Structures are given as structure tokens and as C-alpha cells.
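Working through the structure, step by step
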Amino acid sequence: MSEEIENILFQLTQPDNAAIQKATAQLKQAFKDPAIIPALCAVMTGSQNPQIRQSAAVMLRMRVKKHWKKISPDHRESLKAVVLQAFHQETEHVVRHSLSQLSAVMVKHETPDRWPALLTLLNESTKSNNPQDRQVGLLLLSKVVDSNPEAFKPHYKQLLQLFGNVLQDVTNPTASYYCILTLTAITAYTGTQEMNLMRSLIPRLIIALKHLIQTDQNQAAEAMEVFDELLESEVSILVPHIAELVRFCLEVSSDVSLSDSLRVKALSCIALLIRLKSKAVLKQNLLAPILQVVFPIMSATPPPGEEDPEDEENSDGNNDSESPKHFATQVIDTMALHMPPEKLFKQLMPLTQACLASENPYERKGGLLCLAVLAEGCADHIRTKMLSSVLQTVCRSLSDSNQVVRSAGLFALGQFSEHLQPEVSKYHTELMPLLLGYMSSLNEAKIGHVTKAFYALENFLENLDDDIESYLPTLMETMLSALHNTDNLKLKELAVSAIGAIANAAKEMLVPYFPPIIESLKGFLTDIQEEMRPLQTQALDTLSVLARTIGKDVFSPLAAECVHLGLKLTDAVDDPDLRRCTYSLFSAVSTVSPESLIPHLTAITTLMLMSLKSTEGVTAHVEEDKQFVLLDDEDDDEEEDSVLEEDGENEVGDVAGFSVENAYIDEKEDACDALGEIAFSTGAAFQPFLESSFEQIYELRDFPHEDVRKAAFGAMGQFCRAQHKVWQENPTEANHKVLHKLLEVVLPCFLEVVKQEHERQVVMGVLEAMNAIIKSCQGEALHTPGRLAEISHAIRDVLKKKTVCQDGGGDEADDDEQQAEYDAMLQEFAGEGIPLLASAVPAETFYTHLNDLLPFIMNKAKPSCTVADRSFSIGTLAETLHSLVSVAGGRAVAGRLSNRLLPVLVAGVKDSDAEVRNNSVYGLGVLAQAAGPIVSTDYPMMLSLFSNLLSKESDRRVIDNLCAALCRMIMSHTEGVPLEQVLPALLDRLPLQEDMEENKTIYSCLAFLYSHNPALIITHLKPVLSAVTHVLGTKDIDADTQNTLVVLLRDVGQRYPQEFESAVMSLPVERRTKMSAAVAQS
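Since the structure is predicted, the reported quantities are computational estimates derived from the model, not experimental observations. Chains are numbered independently. Their residues run from 1 in the order of the written sequence. Side-chain atom pairs in this predicted model are given and counted only at pLDDT of 80 or more, local residue features only at pLDDT of at least 70, and totals for whole chains, interfaces and linings cover all residues. For the side-chain quantities, the full set of heavy atoms in the structure was used; hydrogens and water were omitted.

Remarks on the overall build of the protein chain
Counting its regular elements, the protein chain contains 55 helices and two strands. Each radius of gyration is computed over the set of C-alpha atoms, and the globule rule expresses the reference value as 2.2 Å times the number of residues to the power 0.38. For the protein chain, the C-alpha radius of gyration of 35 Å lies close to 31 Å, the compact-globule estimate for 1082 residues. For the protein chain, the spread of C-alpha atoms along the principal axes amounts to about 120 × 75 × 60 Å. A 1.4 Å probe rolled over the protein chains alone gives each residue an accessible area, and that area as a share of the maximum for its type sets the label: buried under 20%, exposed over 50%, partly exposed in between. When burial is assessed residue by residue, the protein chain has 56% of its 1082 residues classed as buried. The contacts of the protein chain with a sequence gap of at least 6 include a subset with a gap of at least 24, amounting to 75%. In the form shown here, the protein chain has an accessible surface area of approximately 45,300 Å², with 51% of it arising from carbon and sulfur atoms. On the protein chain, the mean spot of the 91 positive side-chain charges and the mean spot of the 150 negative ones are 6 Å from each other. Every helix listed is a DSSP run of H or I at least four residues long, and every strand listed is a run of E at least two residues long, numbered separately from the N terminus. Contacts are assigned to residue pairs with any non-hydrogen atoms lying within 4.5 Å of each other. Note on areas: these come from Shrake-Rupley sampling with a 1.4 Å probe, and a residue is covered only by the protein chains present in the view. Here Asp and Glu are counted as negative and Lys and Arg as positive; His is not counted, and neither are the chain ends. For charged residues, the charge sits on one atom: NZ in Lys, CZ in Arg, CG in Asp, CD in Glu.

Right under this line is the structure:
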């Protein structure tokens, strides 16, 4: 049979389609005969033609991979012997490669201990004196170990000793290459006993890589993955060698004669190192050398006649190019997210300033890119210390003579607008004219440049709120004209997107423009031509924004039509982006008009669950011999299927990794977000879909991409809140049971994630979701014995930086040590849980945990801490006291805490930062409210402190909170306040100007005083009426406060008509009319 097989394989190599088809059919037939195995073995060892020997090895590999259990034991044993014999005698590299792949597939089934001859061959060949034999042995080793790394665990020590010798022989770089691949494969499985051996390999590994770069850059780029593997799974091995590793990566990054892929690998290695071990990088003084290399790469001039990808004319702004320049910018971005701003800026700003002042446009561009990527990670630092100067720099760049610089300036302005809120919006009078100037010449400009102008404009507009009013006519005229008068689809898409941003700020002010907007959007959404796709996606996005912002009354009549439109589109078009935006639209509609969605919940949830289950866009990278793929389904008759299934655990055979297309990741993420919100908005109607939706989302908790994990956890939290709402509206035993079943799965899952998850963003998302559950479900969430303690401990672990994503357990961080803003933000999410727990259970139940947590919060109020830390610390203490106001036993606990908290709050009132003063004043007010007469002895000191502050404070929010704090003191312990002095001073500062939420406190206090001491209020009736008429009938007060005031005014009018009349006459006419109308109406 072997001759026949050899002939068939020969036919397959011929350039003749008919011959190939015929041979394929014959081969399929031959595969039904068990004798195919020995026949292929004979060809593999005996054929004179290397191509045919290789084909026989590939055929055997495919057979073994799918049907090992069907091969008879005799044939298996002979195959094990033959493959090693063939390997031993083979001289052609391509055949050896296929033989090593065949051995690798066999090792999956036949572990090394059941194949001692394989170990013997590996042992002899890798230690051979002949360099060629050694290289071949290492090739075989790299393949078999990679296919089943765990099975070789007993031999790791021996392997690592071998690697030490191989890496030392710099004359054979290919041997080093195979050796490094094997090391990469075993890294994730090594244990503590291998640590020291691995650590000692690192210097040799770096030298071996330097030699490999000189002989084969592609192999070197692949071998450098060993560092990613070490960093991700065993970072402690690298810590002693960080300086050497960084120096090596910097050498590679800065060598322009090397390939882009190799330089990118080196730069991404540096970025990963900074992400995982920023403290060690700083400690070893590596920041300056990294910046010295990264800056020239970031500001390099492209080769003559070329442009950077993002500056090319057809660029749409989404260039994540694999260029060294792009990755150099990412290194800075990573520094901003993971290093303390003070330390980073000290070294970075001189380099940035030198770039910005350069004659070379690409250096100016580099300086602007640097500022742009700092905005996210160092937002507080830039906002509080240097906002005005960086904005001036960016404004100057927008009128630069070179378009490359102007584009970078627009990108920087977009980043600032996104991350430096609310301060950056205060500069609208300077920035909006510049941006509107760009809009006025839309049709003449290059589309790539226009895209950047829109990016900056959108991000800036989004947060303008009421300040947008004066720009609205010009903006809408520009956008509507772009929708109606241009044929350029990209420009239409940009205008539609900008309308969404305008809507976010303008809200109801956009109503006059609503009809023409909707008319245009509907036109885009009903056109099913392929080139309309990006425009449709954008139209759906903008429609979702309008649903949330334009006002329920205006949008509700369109809600049902939107749902139909969305379902029709997803039915007609198979596109992940379009589905994603449809889900967001359904989600937005559910918040305005849940009844429009309810009839379609079956169709909508079915669609979304398919998106969550789908593996579309997930690519497994299989190392396969392309010419034989046509034979991959060689047995497709029925009886074979069961064998395939039984053997299924080995199906992922030679997968070298997975990659997922971004569009499909976004689709899954948005499906999670939408399902969670729809469940919450539609309540009981969602019940039939709750279990299937929850199961599918729970499956995603280990999804490889962090954005999907984060969205899945967010949805789990929404499901708990949704079920709690359903139970509250219909308190049956069955509903209560479902709620607890959910909480029993979700909260333990969340607590595990906080401890073990590597990605900081995911942990922030989980803490936020957990806080929302505690806020909604209150004591129900803490029903299980021990749950309160577990959540308190999780908060404590984050505050102590003990979790995995905080590099916990590594180099111990001193509490006072400066940290990256995002690390501080993570702790803020944890701290926000403290007041929520305090309001969910009786004060005594939480007291021991609170006692345990307070030192970590108070620690951040020290003068040496950052403004953000001080503000967070005092804000958390104040909110916790506020929670104690309304829980059982709160007064006693607040009284017990007062001695510890008073000094911190009093010091905060004297802080140089307005936000810290504001939080401190609020904190003292709620302390008085919570503790009542227990703190009466501190009243004189507090009043004198407030009186002092009032005389010199200029920040309106602080003044508003000061008024509210005085009111809380009055209502809590009236006798402790000299009202004759305090009330006039208070009335003098009304109406409130910034913190409108405190109107409730102020006017409750005036009503309280009237009921307890009417004469006092009548004495000051004119200023009281003046203050009241400022807020009556406005959105600055809620309905309850409005009623309280109307009742007060009527009562005063009846009981003190003369004084009332006189006070009313002192008001301006329009306020008099408003007051009469309000009193008559209610």
C-alpha cells in the first residue's frame, strides 16, 4: 500500500487541478483502511522525495490529532518508534519541522513518561557535541513542550539547566531561538523551586537575543515574547534584572536600522513593565533613560515623501498603527496611568517644552502628542497645576503654519476636553471661536484634518451644559447644512455625531431643531446601501443620545417607531457595529418609554444573547500546513462523528493563540450594558428573560478581553437591582427568593474579582457595581451572615493596596508614597462603599468595621497628601456621618466618633483648596446633625470657625455649604446657636448660587424656625421673603420644598397680615407676582 500512497501524495504536489482532485478522492478512500498508518510511516521514512516525506508526516499528524483513539495499540507503538527513527535520519529542515509537529500532537495523547524513547532522544540530541544535532533536538523539544507544557513539569529543572548551557553558546543563535520558545511555553507552569534557576538565566537570555537579532530579526521578535510571558505570570523573576532588561529594550527601540516589528516589541515590553512594576522602574532611576529614547522616536520626521499614518489624507482618526512612533506615545500614556504625576512631570516637562519650542514641525507635533496622552492619567495634576498654560500652548498650535502641528493640536484639545472637565469648559470663550472657525470652511478642508476638528469640537461641546446656548444657532446651522448640502458621506457622519454631542449639552434647548434632525436620521436609517453603513451606525448612536436628552414628552411619540426601525435593520444587515448601536438605542428607549420595548422583548433578548454567545470575530491562530487543509474533513461519514466528539478535548490542537476583532468585542460589551439597563427599566416584564440573560452574561466573567468582563459585571449588578425593584413593587416570596439567589452568586463573584483580577479598570467597574447594589438593595444585600465583614475587608484590602491589580504583595508601599492618579481613583471607588454600608445596616452592626476602615481614610487627609486625596478623605468621612443621620443607633455612634473626626474636619476648613474646605464644612454640618446635643460643647468653636471663614471666603460653593451647615446646627441643637447674630448673616448669603441641593436644608430650617420661634422669622421677614421668592417655582427646589414654602407663606399671611403685606411690598414687582401665583396655585 505504501507505493500507492506515495504515488497519491506525488499527484497532490503536481500543478494540475484535475490530478489533485482525483488524488484527494483516492486519499479519502485510503484513509478508511487501518493499514494507512503503517503505509504512511513507510513513506515518511523511505521516500526519496523530501516533499512527499513531509506530506506523509502532515497526513499522519492530522490522523493522530483527530482520531488517536481509533488507531490500534500496535500501530501507535510502531508510530512512536518510526517518528523518532525518521527524525534521527532526516536531513531536510522542512521535513524535520513537520516531524516535530507530528511528535507534538502525539505528546498530547502519549505523555512523555509513557514515551521514554522520546525523552532519550531529546536528552542525547540536545547534549550532542555536534551543533547541528543540538539545534535539531531543540527544535523537537520546543514543539513537544509547547504542545503539552504541564506534562514535562518533572523535567523543568533539567530543562532550565540545559537552557543555561545553550544560551551561553552564542555561535548557534537558532538553537537559542528554539530554547527561548521552550522557555516561553513553560513559564506559566513553573513553581517556586524553579525560580532561582530562571532568574539566573535572564542575563544570558538578553545576550542570546542580541546575537539572534543580528542573524534573524523575525525570530528575535518572536523570541522576545518570553518577556511578556515572564512579566504576565512570573514578574518577580525579572525584578532583579529590570535595569538590564530596560537597557536592552531601549537599545533595540532606538536602533532605526532594525525592523519596525522588533522595535515595537521592545517598546511594548517597556510599556508592560511600567504597567506592572512602575515602582521598581522609578526606584532604579530608569524613568530618565526611557524618556531620552522615547522622545526622539515620538517626534521623528518620517522618511522623505512619506507621512505619519494619522496625517495621511484618507485617515479617519482611527489609526492604531503598528509603528514605533505609535508605541513610543503609548509608553508615555502608560507612564501617565501608572506613575505619580509629580515624579513623572519633573523629568518629562523639560523634554516636552523643548519639543514645543522646536523649529522642526514633527518635534512640535511630538510635544503636543505627549501633552495629549498625559491628560487621562494625570488629569488632576494638569487641572489643578497647569491648565491655563497647556491650553495656551494648544491654542497657539491651532494657528501653526504646519498642518501636521495643527492636527496634533486638535487631537490634544479633544483629549483635554474629554479628561480635564469641568475646568476646561470654563475656557469656552477662548476656544469655541477657534473651533467654529474650523467649521466655517468645512467643504474646502481635507477630510482627515476635518475629522480631527470634529473630534476636538465634540469632546469640548459635550460638557458645556448651559454655556452652549449662545453657540447653538451657529452650531446647528453648520451641522444641518452639512446633512443637507454635502455629498460627502464622511462629512455627514461627522455632523450626525456632532449633533449627538450638542444634544448631550443642550438637552431640551435642542427641541426647536428636533424635527429636521429626525427627518435626516430616518432618511439615513432606511437606506440599505452598503456604503451607508458607517453613517447608519452613527445615526443610531445619535438617536440614542436624543432619546436620553431631548425630554420624555418630545421623544416618547417616536419610541415605538425607533424599536421597529432597529429590529428591521438588524434583520436586514449582518454587521456587528450596527447591532451594537441598535442595542444602545433599545437601551435608551427603555429609559424613556419602556412600554414601547416590552412587546418586543423576546426578539430583542434573543438577538442580544446571540451576540453574547457568538464566537464570530474570534480567530484561533492555528499553525497549519496550508496545502493540506482540503483534506481536513477526510472522514465525514456519520460513525466518525461520535469519535470526534469523544476525542473532543484535544480539538484545539495546535492553537497558537486567539485574537478577537474589535467590532465584536464592542458588540458584546454593548449587549451586556443594554441588557442590564433594559432589565432595570422594564422591571417585571423582563422576568421571563432574566434567568437565560443572567446565565449568558455570567459565562463572560472570564472573557479574555477586559472591557467585556467589566461590562458583564456591570450587567450582573443591574440584574440584582432590577430584581430588587421588582420585589419592592410586588413583595412576593418568589420574587424575594430570586433576589437572594442572584445576590448569592453575584456578590461572592464580585469579591473574588476585587482580590484576584489583574486589570485595574475591571476592579473599578466591579466596585462601582457593588456600590450600586448596596445603595439599591440596602440591608437585603447584607443578609447573608458574614457578608458585611467580607465587603468591609475587600474595601480595606484596596485601601491597603493589597489586591492583585495594585501589584499587591510586591514591594511594600508606604502609605504616604505618591501614587498614580488611577491608583488613587481605585481607592476612591472602594471608599465610596463605606458611607453606603453605613446607611444599609444599624450603626452598631457596622461600628467595628467602620472603626477598622477609618484610619485608612483619615490617613489621606494629611497636608502632605494630594488635593484629590484630601478631598476624597474628608468627603468620605462627611458622607459616612450623613449616613448615620438616618440609621438606627446613628446618633450614639456619631457621638463616639466625634472626638476623632472633629480635628480632621476643622483642619480641612482651613485648607488652601476650595473643594477640601467645602467637604469639611459639609462634614461639620452633618456631624452636628448626626450627633445632636452630644457635640453641643463644640458648638462655640465651630461657630467661631464658620464666622471666620464667612468673612474671607470667596468660593460660592463653600459659602452655600456653610449656610447649610449652620442650618443643620440650628435644627439639631437650637439652643447652642445665637440666632440673633447667626440668622441675619445667613439670610444675607441667600439665595444659594452653586449648590442647589442644599436649598432643601436651608428652607426646611426656615420652616423649622417659624414653627419654633415665629417672632424671630417675622422680625426678619423681608430678607426671608426675598430669599424664598428667588427659588419659588424654579427647578432649584424639589416639590417637597416648594410645598413647605407655600404652606409657610400662607400661614404667615394669615397670622401676620400686616407684616406680611409690608414685606411683600418691598419685593420687586415680578417677584411679587410670581409669589402670588405660587401661593394661589398650590
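There is more to say after this.
Focus: helix H36 (residues 687-698)
Three- or four-residue spacings in an α-helix give side chains the same orientation, since the helix completes a turn every 3.6 residues. The terminal C-alpha atoms of H36 lie 17 Å apart, and with 12 residues this matches the ideal 16 Å at 1.5 Å per residue to within 8%. Within H36, burial applies to Phe 689, Leu 690, Ser 693, Phe 694, Gln 696 and Ile 697. For H36, the arc enclosing every buried residue in end-on projection is 165°, short of the 170-degree limit, so these residues lie on one face. The outward face of H36, more than 90 degrees from its buried face, is lined by the exposed residues Pro 688 and Glu 691. In this structure, the buried side of H36 is in contact with helix H33 (601-613), helix H35 (662-682), helix H37 (706-729) and helix H38 (733-756). The span expected for a helix works out to 1.5 Å for each residue beyond the first. Each direction from the helix axis to a C-beta atom contributes to the arc, which is the arc of those directions.

What about the side chain of Asp 913?
The residue Asp 913 is located in the loop between helix H45 (890-909) and helix H46 (914-931) in this model. In this view, Asp 913 contacts Val 867 and Arg 870; residues no more than four positions away in its chain are not counted.

A few points about a negative patch on the surface
Where like charges cluster on the molecular surface, the negative patch consists of Asp 465, Asp 466, Asp 467 and Glu 469. Its location among the elements puts Asp 467 in the loop between helix H25 (447-461) and helix H26 (472-485). By relative accessible area, Asp 467 is classed as partly exposed at 38%. Residues enter a patch when their relative accessible area is above 30% and they make no salt bridge; the linking distance is 9 Å between like charges and 5 Å between nonpolar side chains (Val, Leu, Ile, Met, Phe, Trp, Tyr). A side-chain nitrogen of Lys or Arg and a carboxyl oxygen of Asp or Glu constitute a salt bridge if their distance falls within 4 Å.

Overview of the packing of helix H23 (residues 403-419) against H25
Two measures define how a pair of helices packs: the angle their axes make with one another and the distance between the axes. For every element, the axis is a line fit to its C-alpha atoms; helices are fit only across the contacting stretch, and the angle between N-to-C directions ranges from 0 to 180 degrees. Contact pair H23 / H25: the axes reach a minimum separation of 7 Å and the direction vectors enclose 25°. The angle between H23 and H25 falls in the class roughly parallel. For the pair H23 and H25, the crossing hand works out as left-handed. Side by side, H23 and H25 meet where Gln 403, Arg 406, Ser 407, Leu 410, Phe 411, Leu 413, Gly 414, Gln 415, Ser 417 and Glu 418 of the first sit next to His 449, Lys 452, Ala 453, Tyr 455, Ala 456, Asn 459 and Phe 460 of the second. Only Asp, Glu, Lys and Arg are considered charged in this grouping, and only Ala, Val, Leu, Ile, Met, Phe, Trp, Tyr, Cys and Pro are considered nonpolar; every other residue, Gly among them, is considered polar. Looking at the contact of H23 with H25 residue by residue, the classes come out as seven nonpolar, seven polar and three charged. Any angle that falls under 35 degrees is termed roughly parallel, while one over 145 is termed roughly antiparallel, one within 65 to 115 roughly perpendicular, and all others oblique. Left-handed describes a crossing whose near helix is turned anticlockwise from the far helix by less than a right angle; the clockwise case is right-handed.

Observations regarding the nonpolar core
We call a set of buried Ala, Val, Leu, Ile, Met, Phe, Trp, Tyr and Cys residues a nonpolar core when their side-chain atoms join them within 4.5 Å. Among the nonpolar cores identified, the biggest contains 378 residues, and Phe 227 and Ile 290 are the most heavily contacted of them. Among the elements that make up this core, the one with the highest residue count is helix H16 (residues 260-283) (13 residues). Ignoring sequence-local partners within four residues, the contact set of Phe 227 consists of Leu 205, Ile 206, Leu 209, Leu 238, Leu 245, Phe 248 and Cys 269.

A look at unusual backbone geometry
Note the cis peptide between Gln 421 and Pro 422, where omega equals -5°. Of note, Pro 422 is situated in the loop between H23 and helix H24 (428-440). Located in the positive-phi region is Asn 285, a residue other than glycine, with phi close to 55°. Mapped onto the elements, Asn 285 comes out in the loop between H16 and helix H17 (287-298). Positive phi values are uncommon outside glycine, yet Lys 507 reaches one of about 50°. Looking at the secondary structure, you find Lys 507 in the loop between helix H27 (489-506) and helix H28 (514-525).

Examining helix H8 (residues 131-147)
Between its terminal C-alpha atoms H8 stretches 25 Å, which fits the 24 Å expected from 17 residues at 1.5 Å a residue. Judged by how many residues are buried, H8 sits mostly within the fold: 13 of 17 residues are covered.

Digging into the packing of helix H50 (residues 999-1012) against helix H52 (residues 1021-1031)
It is at 12 Å that the axes of H50 and H52 come closest, and there the two elements cross at 140°. When the axes of H50 and H52 are compared, the pair comes out oblique. Crossing hand, H50 versus H52: left-handed. Taken together, the residues of H52 that come into contact with H50 (itself represented by Asn 999, Tyr 1003 and Leu 1006) are Val 1024, Ala 1027, Val 1028 and Val 1031. For the contact of H50 with H52, the per-class residue count stands at six nonpolar, one polar and no charged.

What to know about the pattern of salt bridges
Considering all chains together, one arrives at 40 salt bridges under this definition. Taking the shortest distance from any N to any O, the salt bridge between Glu 225 and Lys 265 comes out at 3.9 Å. Residue Glu 225 is located in helix H13 (residues 225-233), and its partner Lys 265 is located in helix H16; the two are separated by 40 residues in the primary sequence. You can call Glu 225 partly exposed: its relative accessible area is 39%. On the accessibility criterion, Lys 265 (14% relative accessible area) is buried. The residue Asp 228 makes a salt bridge to Lys 265 at a minimum N-O spacing of 3.0 Å. In this pair, Asp 228 is assigned in helix H13 and Lys 265 in helix H16, connecting sequence segments 37 residues apart. Under the relative-accessibility criterion, Asp 228 is labelled partly exposed at 21%. Overlapping salt bridges, with partners in common, bring together Glu 77, Lys 80, Glu 110 and Arg 114 in one network.

Topic: the packing of aromatic side chains
When two rings of Phe, Tyr or Trp (its six-membered ring) have centres within 6.5 Å they constitute a pair, described as stacked for plane angles under 30 degrees, edge-to-face for angles over 60, and tilted for the intermediate range. Under the criterion given, the structure shown has nine aromatic pairs. Pairing Tyr 177 with Tyr 178 gives two aromatic rings, centres 5.3 Å apart and planes at 50°, and the pair type is tilted. In this pair, the class of Tyr 177 matches that of Tyr 178, namely buried. Ring geometry for Phe 411 versus Tyr 455: centroids 5.9 Å apart, planes at 20°, classification stacked. Of this pair, Phe 411 sits in helix H23 while Tyr 455 sits in helix H25, placing them 44 residues apart in sequence. When its relative accessible area of 28% is taken as the criterion, Phe 411 is described as partly exposed. Of the residues examined, Tyr 455 reaches a relative accessible area of 26% and is grouped as partly exposed. Members of the aromatic cluster, connected to one another through ring pairs, are Phe 686, Phe 689, Phe 694, Tyr 698 and Phe 719. In this analysis the charged atom, NZ for Lys or CZ for Arg, is taken to sit over a ring once it is within 6 Å of the ring centre and within 35 degrees of the ring normal. Looking at Arg 721, its charged tip hangs above the ring of Phe 680, at a distance of 4.4 Å from the centre. Directly above the ring of Tyr 847 sits Arg 896, whose terminal nitrogen or CZ lies 4.5 Å from the centroid.

Overview of the state of the cysteines
Disulfides are covalent bonds that link the sulfur atoms of two cysteine residues. For this text, the term disulfide refers to a pair of cysteine sulfurs within 2.5 Å. Under the definition given, this model contains zero disulfides. With no disulfide of its own, Cys 370 has Cys 355 as its nearest cysteine by sulfur position, at a separation of 7.8 Å. Cys 370 provides the cysteine sulfur closest to Cys 395, a residue in no disulfide bond, and the two sulfurs are 18 Å apart.

Details of the environment of Lys 862
With respect to the helices, strands and loops of the structure, Lys 862 is situated in the loop between helix H43 (843-858) and helix H44 (867-885). Placed 338 residues apart in sequence, Lys 862 and Phe 524 show a C-alpha to C-alpha distance of 57 Å. Distance and chemistry together define a polar contact, namely a pair of N or O atoms within 3.5 Å, with one atom able to donate a hydrogen and the other to accept it when in protein, and with adjacent residues in sequence counting only for side-chain atoms on both sides. At 2.7 Å, the side chain of Lys 862 forms a polar contact with the side chain of Asn 859.

Some points on the side chain of Ser 596
With respect to the element layout, Ser 596 can be found in helix H32 (residues 594-597). Given a relative accessible area of 11%, Ser 596 falls into the buried group. A polar contact of 2.4 Å, which involves the side chain of Ser 596, links it to the side chain of Ser 593.

Observations regarding the environment of Leu 992
Counting through the fold element by element, Leu 992 comes out in the loop between helix H49 (979-988) and H50. With 642 residues separating them in the primary sequence, Leu 992 and Pro 350 have C-alpha atoms 44 Å apart.

Details of the environment of Asp 797
Turning to its location among the elements, Asp 797 is positioned in helix H40 (residues 787-799). Classification of Asp 797 by relative accessible area gives partly exposed; the value is 21%. Residues in contact with Asp 797, not counting those within four places in the same chain, are Lys 802, Thr 803 and Gln 806.

Side note on the confidence of the model for the protein chain
With 94% of its residues at a pLDDT of at least 70, the protein chain reaches an overall mean of 89. Counting interchain partners and residues more than four positions distant, the pLDDT-below-50 stretch residues 620-658 has 73 contacts. Per-residue confidence from the prediction method is given by pLDDT, with values spanning 0 to 100. Overall, residues 809-816 carries pLDDT values under 50, and its contacts beyond four positions in sequence, including any with other chains, amount to 10 contacts.

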